Amino acid sequence: MTSPRQFQFKSINYTGLQPGPRVIIMGATHGNEVCGTKAIRRVMDEIDSGALHIAAGSVTFVPIVNPLAYQQVTRNGDRNLNRDLFPKANPQDFEDQIANWLCPLLGQHDVLLDIHSFAATGEPFVMVGPLDNDGTLQPFRHAEKERAWARRLGVRRFVDGWLATYGDGVQRRSRSADELETVLRYGVGTTEYMRSTGGYALTLEAGQHDDPAAPDVAYRAIMNTLAHLGLIAAPDPVPVDFDAMEALSMVVVHDKLHADDAFVRPWKSFDPVAEGELIGTRADGTPVTAEFGGRILFPAASAAANTEWYYLTRPNPVFGREQN
């Protein structure tokens, strides 16, 4: 067995001669999600060969964020790195060690693209942050730039509302203010942490883990990012047309109340649901139905009692136009 002490962390920076944003692009935050790693290495090969030139600003590549999970070909090393991502004075696991290296690195940058993949079949999508706000959960000032960039990554499906919806569920389950704050922190991953430093960020879910097209989706997103932010001499990519987009907002999370609560079928993320459609049944036989029409997201058939069971999303017809 390999000891975590045998691992090290690696980032590679390219800096242009002209001023510009400081961008960081990451792969393998989860070790079995390697499309970002492959795409990053492809772009770096082009830069190193002279085929691609960073003219302005800087870009830092982290091909493998979690080397323990990557070597194991597992999602996590000791735990999910993309939760409770904060520096720790007394690190307890390998992911805490990563956080103590990664969080300061994120803080040195303005923009983050974190590239992931997913287990089930489906089309790529982008997770986007909140609108500008002064709230306590996730204050933010770059929604217009973040959403304009999202529309240029090369995908057509967008999801927002993660931390607010997650937070509503946490508040419902929490027994005290201290517990609420602790569990809300658990919802902070790479993009949420980046926004907390004053930057902006996107999570690209580039496709199914083993889809041979996923590395190409990730590569296109990297190249479009470099062009859109002015790091390379290339035209600004054309944004996906509003009429071609599918934008969804996470609205509500439903908890699994008992271990024997069960879905009526093996739901997948983005499966459509109609208002009143049967989603599952509680342990006592009570039906669980959709309170509105939309799409299901992150269904977890094996979830433990008193944890998130599934999220519901509804269309967001004004996505990208909210602040125009």
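Residues numbered from 1 in each chain as written. Predicted model: local features only at pLDDT ≥ 70, side-chain atom pairs only at ≥ 80, totals over all residues. Heavy atoms only, no water.

Going by an unreviewed UniProt entry, the chain carries the name Putative deacylase and comes from Massilia aurea. Recorded in UniProt under Cofactor (unreviewed entry), the annotation for the chain is "Zn(2+)". (UniProt positions renumbered as here; feature names shortened; annotations may be inferred.)

(A) Looking closely at the sheet that holds strand β11 (residues 278–281). The three strands lie next to each other as β9-β11-β12, forming an open sheet whose pairing is antiparallel. Each having just a single partner strand, β9 (262–263) and β12 (287–289) make up the two edges of the open sheet. Sheet analysis places β11 next to β12, joined by three bridges and oriented antiparallel. Bridge pairing links Gly280 to Val288 in β12. (Pairing = 2+ DSSP bridges. Helix = DSSP H or I, 4+ residues; strand = E, 2+ residues; numbered from the N terminus.)

(B) Structural view of the domain arrangement of the chain. By domain assignment, the chain separates into domain 1 (9–244) and domain 2 (249–315). Centre-to-centre separation of domain 1 and domain 2, based on C-alpha positions: 27 Å. Each partner contributes residues to the interface: domain 1 has 14 residues there, and domain 2 has 15 residues. Inspection of the region where domain 1 meets domain 2 yields three residue pairs in polar contact (both at pLDDT 80 or more). For the side of domain 1 that touches domain 2, the secondary-structure elements that each account for two or more residues are β5 (125–127), β6 (157–160) and α5 (162–173). A total of six residues in the side of domain 1 that touches domain 2 trace back to one element, the largest contributor, which is α5. Here the residues of the side of domain 1 that touches domain 2 sort into six nonpolar, four polar and four charged. (Domains from an automatic or database assignment. Contact = heavy atoms within 4.5 Å. Polar contact = N/O pair within 3.5 Å; in protein donor to acceptor, adjacent residues only side chain to side chain. Nonpolar A, V, L, I, M, F, W, Y, C, P; charged D, E, K, R; others polar.)

(C) The UniProt feature "domain: Succinylglutamate desuccinylase/Aspartoacylase catalytic" (unreviewed entry) in the chain, seen in detail. The positions that UniProt labels "domain: Succinylglutamate desuccinylase/Aspartoacylase catalytic" (unreviewed entry) are, in the present scheme, residues 19–117. Taken end to end, residues 19–117 comprises 35% helix and 22% strand; its first and last C-alpha atoms sit 32 Å apart.

(D) Spatial organisation of the pairing of β11. As paired elements, β9 and β11 share two bridges and run antiparallel to each other. Opposite Ala262, over in β11, you have Thr281 as the bridge partner. As consecutive antiparallel partners, β11 and β12 are separated by five residues, and within that stretch Gly285 has a phi angle of approximately 95°, a positive value.

(E) Layout of the nonpolar core. Core analysis: the biggest nonpolar cluster contains 46 residues, and Ile25, Phe61, Leu113, Ile222 and Leu226 have the highest contact counts within it. With nine residues, the top contributor of residues to this core is helix α8 (residues 214–228). Of all hydrophobic cores here, the second largest spans 21 residues; its members include Ile24, Leu85, Leu102 and Ala201. (Core = buried A, V, L, I, M, F, W, Y, C linked by side-chain atoms within 4.5 Å. Buried < 20%, exposed > 50% of the residue type's maximum accessible area, 1.4 Å probe, protein only.)

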